[in-house]
Amino acid sequence: MGRFVVDLTRFAQRAGGNARTVVRKTMLDLGTAMVERTPVGDPLTWQQPAPAGYAGGRARGSWAYGYGNTAQADEVDASGAASLARIAGGVEAHDPLGVHYITSTLPYMRRLEYDGWSSQAPAGMVRVTIREFQEFVRRNAAEVNR
């Protein structure tokens, strides 16, 4: 807990009077990175045949934005455009200094994240993105404080 508090203190110092803008930009960066890193199934690379009527993009289309609580989405969206629109719309509609969630509730998302289920994202999507969090904050704070 202490480390996180220190990081928030540094964030507030870097953001200056632009904390709301930095949070919005950082949430969009986090959401974009996670959506774009989410693999889209390619049955040609699978060891098992695809189910009848399979269309890739359900994992990418499952990212949802919630404010104060988690939310759910479930659609096939190979481009990620619908997920990105949900995230951007949610970030814009809510107070940036509240609690934001970007989640997926697909039952196999854990396997994609932790079990190397996809050769497109062997290290997952969320863990890789979280490692970039401080860089997103640093870059966004520098940008808004020019």
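Preceding block: the structure.
Here goes a summary of the coordinates provided. (Residues numbered from 1 in each chain as written. Predicted model: local features only at pLDDT ≥ 70, side-chain atom pairs only at ≥ 80, totals over all residues. Heavy atoms only, no water.)

### Overview of the environment of Arg127
- Note that Arg127 resides in helix α5 (residues 126-130).
- Remark: the alpha-carbon pair of Arg127 and Met34, spanning 93 residues in sequence, is separated by 9.1 Å. (Helix = DSSP H or I, 4+ residues; strand = E, 2+ residues; numbered from the N terminus.)

### Focus on the environment of Tyr108
- Counting through the fold element by element, Tyr108 comes out in the loop between β2 (100-103) and α4 (109-114).
- Placed 49 residues apart in sequence, Tyr108 and Ala59 show a C-alpha to C-alpha distance of 8.4 Å.
- Discounting residues that sit within four places of it in the chain, Tyr108 has contacts with Arg58, Ala59 and Trp117. (Contact = heavy atoms within 4.5 Å.)

### Considerations on the side chain of Thr26
- Inspection of the secondary structure puts Thr26 in helix α2 (residues 19-37).
- Once residues within four sequence positions are removed from consideration, Thr26 is found in contact with Phe133, Phe136, Val137 and Asn140.

### Examining the pattern of salt bridges
- Scanning all chains against the criterion turns up nine salt bridges.
- Among the ionic pairs, Glu132 bridges to Arg37, the shortest N-O distance being 3.0 Å. You can see Glu132 sitting in the loop between α5 and α6 (133-144) and its partner Arg37 sitting in helix α2, a full 95 residues away along the chain.
- The class for Glu132 is partly exposed, based on a relative accessible area of 26%. (Salt bridge = Lys/Arg side-chain N within 4 Å of Asp/Glu carboxyl O. Buried < 20%, exposed > 50% of the residue type's maximum accessible area, 1.4 Å probe, protein only.)

Without other data, these values stay purely geometric and don't point to any function.
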